[in-house]
Amino acid sequence: MSIPLKSSFLLSYLYTLPPALLSREILMADSEALPSLAGDPVAVEALLRAVFGVVVDEAIQKGTSVSQKVCEWKEPEELKQLLDLELRSQGESQEQILERCRAVIRYSVKTGHPRFFNQLFSGLDPHALAGRIITESLNTSQYTYEIAPVFVLMEEEVLRKLRALVGWSSGDGIFCPGGSISNMYAINLARYQRYPDCKQRGLRTLPPLALFTSKECHYSIQKGAAFLGLGTDSVRVVKADERGKMVPEDLERQIGMAEAEGAVPFLVSATSGTTVLGAFDPLEAIADVCQRHGLWLHVDAAWGGSVLLSQTHRHLLDGIQRADSVAWNPHKLLAAGLQCSALLLQDTSNLLKRCHGSQASYLFQQDKFYDVALDTGDKVVQCGRRVDCLKLWLMWKAQGDQGLERRVGQAFVLARYLVEEMKKREGFELVMEPEFVNVCFWFVPPSLRGKQESPDYHERLSKVAPMLKERMVKEGSMMIGYQPHGTRGNFFRVVVANSALTCADMDFLLNELERLGQDL
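Residues numbered from 1 in each chain as written. Predicted model: local features only at pLDDT ≥ 70, side-chain atom pairs only at ≥ 80, totals over all residues. Heavy atoms only, no water.

The name given to the protein in an unreviewed UniProt entry is CSAD isoform 5, with Pongo abelii as the source organism. Per UniProt, the protein carries the Subunit (unreviewed entry) text "Homodimer." Of the comments in the UniProt record for the protein, the one headed Sequence similarities (unreviewed entry) reads "Belongs to the group II decarboxylase family." (UniProt positions renumbered as here; feature names shortened; annotations may be inferred.)

Structure below.
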C-alpha cells in the first residue's frame, strides 16, 4: 500500500524506519500503483454490480440452462494456464478482475445444471442463494448473541422446526460444517455422556469401546472413530441385507460379540438414505436393540432426512423419533446450498455445551448485559462458525412446508419415471428397484448384450461406466457418478434431486447414454 508523503504523521513514521526499509517505502510511495477501492464507495458499488451481473449471467442463467454445458473440461496443466493462478506483487485492474471472475465460472462445474446428476446435492434455489449472498455480505460469526443476534435466534427457530419434523417437542442442536462433522459430534457426545471424565483425563480413563454401524454407512463413521482416538477397530460393521439395510439380528449378535471380547458398546449409528443405494435402515427394530442394551442411537439422515417433509414417504424414517441424535443436510435434497448441515439432539441437559465448552473468558463473559444462554459458541469445537441458517430459513419462508413437500415428492416421481423408461429400453439393467431417488443401473453397450454367460462379461461391463463418464464430461453434456459396490462391478448412480428437473431431462439422460455408448 503506497504512503501519501504529504501526511506529516506518516512522514514521522518513515523517519523511524531503518534505511533499507525507508528506501522501499519511498519507492512504493512514488510508484504508479493501481488505485485501491478502499474509501471509494462509488468504485466499490460499480465493482460489485459488475460482479453480480457476471454471476447472474454466467453462473445462474447459463449455469442452469440445458442449452449450455454442465462443464468445460480442461486438463490440469491447461487449466492452470487459462486461469493464470500465480499471485504477484502488483495488483490488477478491475477489468482484469472481472475477467478472472468470468474464467472461474466458465471452467467450474455447474452443479445447478439440470444435467448434473453426479452428487447428492444439485440445483439452485434463488431464495437460498439470496440468503447465502446476505450471509457472506454480513460476514459474522455465529458464536455470540452480541455479534450475531439475528442469526442466533434464527438458528434456534430453524433447529426447532427440524426437531419437530423428527418428532421431538424439545431438544438441542447446532449447524455443523458438513454431515461428517455432525456424525463425529454424535460419537463424541455419546462417549462423553457415558464417560464424562474423558473430557479432562482423556483416553486413559476409558475401557475399550465399541460402536456399531452397517457396511453401507458413510465413511465418516470410520473417520470419526479414528479422529476421536477410538481407532477404526472400535467400529463393528453390521451386515446389511440385499437392499443395503442394516440387519437388526446381526446388530444384536455383534453387540454380544463385542461384550464377550471385553469391549463396552456405547453407540449405534443407523443410516436413513445410504450414499450409493439410498437405503433406509429399519429404525424401529434398531431402536429396540439400543433400548435393550442402553446404547445411544444416532441416525445419519444427512441424505434422507428431508423425506420427513413428505407425508407420502416419511414412513421410510419410521422410528427416527426414538433416536438420541440425528444428522440432516438440507443442502442436499432441499437444495439449500453448501453447506447446510444440522445436528439435532433430543437431549435437554445442555450436553453439547458440557461436552465441548471451554468457557473462554474473552468471548463468553458471564456478566454480559443479556442472557448469556444465547451465546451458542461453546456448543461446538470451532471458534469462528459461519452462518448456515439464513439460506434455509429464507427458502422455507418462500416455499413453506407445502412447497418443500412438493419438491421432495417431485423427486420421487421423476425417479420412478426414469426407472420405468429404463425398463422400456434395451441396454439398461437396474441394480435394484429404488425406494429413494438414487437410481442405480448398468448401461450394457451393444457389444455386450446377450453375452451375460461369457466369462469376461462382468469385467468388460465394469469398464463401461468409466469410459462413458469420460466421454460425457469431456463433451460437457451431463455428469453421472459411478462406483463399484461389494461384488458388483462399476455401475451408474443417478441422483434425481434438482427441483428444476423434468421428464424431458430424464429422457435426455437415457438418450445421451445410448448415443455415447453406441460404439462400445
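Draft legend 1. Layout of the sheet that holds strand E11 (residues 479–485). Taken in spatial order, the 5 strands of this open sheet run E1-E11-E12-E10-E9, and their pairing is mixed. Of all strands in the sheet, those with a lone pairing partner are strand E1 (116–117) and strand E9 (428–430), marking the two edges. Sheet topology places E1 next to E11; 2 bridges connect them, and they run parallel. In the strand pairing of E11, phenylalanine 116 is matched with methionine 479. Packing against the sheet, helix H14 (residues 390–423) makes contact with E9, strand E10 (438–443) and strand E12 (488–495), and its axis sits at approximately 20° to E10. Here helix H17 (residues 503–517) sits on the sheet in contact with E1, E9, E10, E11 and E12, set at roughly 25° to E10. (Pairing = 2+ DSSP bridges. Helix = DSSP H or I, 4+ residues; strand = E, 2+ residues; numbered from the N terminus. Contact = heavy atoms within 4.5 Å. Axes fitted to C-alpha atoms, helices over the stretch in contact; angles between N-to-C directions.)

Draft legend 2. Representation of the packing of helix H11 (residues 248–260) against helix H12 (residues 283–293) in the model. Two elements in contact, H11 and H12, have axes separated by 9 Å at closest approach and are oriented at 25°. Comparing the axis directions of H11 and H12 gives the class roughly parallel. In terms of crossing hand, the pair formed by H11 and H12 is right-handed. Residues Pro248, Leu251, Glu252, Ile255 and Glu259 of H11 pack against Ala285, Ile286, Val289, Arg292 and His293 of H12. Here the contact of H11 with H12 is built from residues that sort into 6 nonpolar, 1 polar and 3 charged. (Parallel < 35°, antiparallel > 145°, perpendicular 65-115°, else oblique. Left-handed = near helix turned anticlockwise from the far one by under 90°. Nonpolar A, V, L, I, M, F, W, Y, C, P; charged D, E, K, R; others polar.)

Draft legend 3. Focus on the environment of arginine 106. Along the chain, the position of arginine 106 falls in helix H5 (residues 94–106). A residue is classified by how much of its surface remains accessible, and arginine 106, at 36% relative accessible area, is partly exposed. Residues arginine 106 and lysine 74, 32 residues apart in the sequence, show an inter-C-alpha distance of 11 Å. Apart from the residues lying within four places of it in its own chain, the contact partners of arginine 106 are Glu72 and Glu99. (Buried < 20%, exposed > 50% of the residue type's maximum accessible area, 1.4 Å probe, protein only.)

Draft legend 4. Looking closely at the sheet that holds strand E8 (residues 341–345). With mixed pairing, the 7 strands of this open sheet are ordered in space as E2-E8-E7-E6-E5-E3-E4. The outermost strands of the open sheet, each flanked by one partner alone, are strand E2 (172–176) and strand E4 (235–238). Averaged over all neighbouring strand pairs, the angle between strand axes comes to 20°, with direction disregarded. Two elements, E2 and E8, share 5 bridges in a ladder whose sense is antiparallel. Its bridge partner being in E8, isoleucine 174 is matched across the sheet by leucine 343. Against the sheet, helix H8 (residues 179–194) contacts E2, strand E3 (209–214), strand E5 (264–271), strand E6 (296–300), strand E7 (325–328) and E8, and its axis sits at roughly 155° relative to E5.

Draft legend 5. Molecular detail of the domain arrangement of the protein. Partitioning the protein into domains gives domain 1 (44–110), domain 2 (141–357 + 370–386) and domain 3 (400–517). Between the C-alpha centres of domain 1 and domain 3 the distance comes to 31 Å. Each partner contributes to the interface: domain 1 provides 7 residues, whereas domain 3 provides 8 residues. Around 560 Å² of area is buried between domain 1 and domain 3 when both sides are counted, 68% of it from carbon and sulfur atoms. Summed over the shared surface of domain 1 and domain 3, the number is 0 salt bridges. (Domains from an automatic or database assignment. Buried area = accessible area lost by both parts, 1.4 Å probe. Salt bridge = Lys/Arg side-chain N within 4 Å of Asp/Glu carboxyl O.)

Draft legend 6. Local environment of the nonpolar core. Counting residues in hydrophobic clusters, the biggest one holds 106 residues, and the most contacted among them are Val439, Phe441, Val496, Leu509 and Leu513. Broken down by element, the residue count for this core peaks at 13 residues, all from H14. There are two domains that each give this core at least three residues, and those are domain 2 (141–357 + 370–386) and domain 3 (400–517). Excluding its chain neighbours within four sequence positions, the residues that come into contact with leucine 509 are Phe117, Leu418, Phe441, Met478, Ile480 and Val494. Formed by 26 residues, the second largest nonpolar core is a distinct cluster that contains Ala190, Leu209, Cys217 and Leu267. (Core = buried A, V, L, I, M, F, W, Y, C linked by side-chain atoms within 4.5 Å.)

Draft legend 7. Molecular detail of unusual backbone geometry. Glutamine 339 follows leucine 338 through a cis peptide bond whose omega is -10°. Its location among the elements puts glutamine 339 in the loop between E7 and E8. Even without being glycine, alanine 335 reaches a positive phi, approximately 60°. On the secondary structure map, alanine 335 appears in the loop between E7 and E8. Positive phi, normally seen in glycine, also occurs at glutamine 359, with a value near 55°. Along the chain, glutamine 359 turns up in the loop between helix H13 (351–356) and H14.

Draft legend 8. Up close: the packing of H8 against helix H10 (residues 220–227). At a closest axis distance of 9 Å, the pairing of H8 and H10 adopts a crossing angle of 50°. Viewed along their axes, H8 and H10 adopt a mutual orientation that is oblique. The handedness of the crossing between H8 and H10 is right-handed. Taking contact as the criterion, the partners of Ser180, Asn183, Met184 and Ile187 in H8 are, on H10, Ser220, Ile221, Lys223, Gly224, Ala225 and Phe227. When the residues that make up the contact of H8 with H10 are grouped by side-chain class, the tally is 5 nonpolar, 4 polar and 1 charged.

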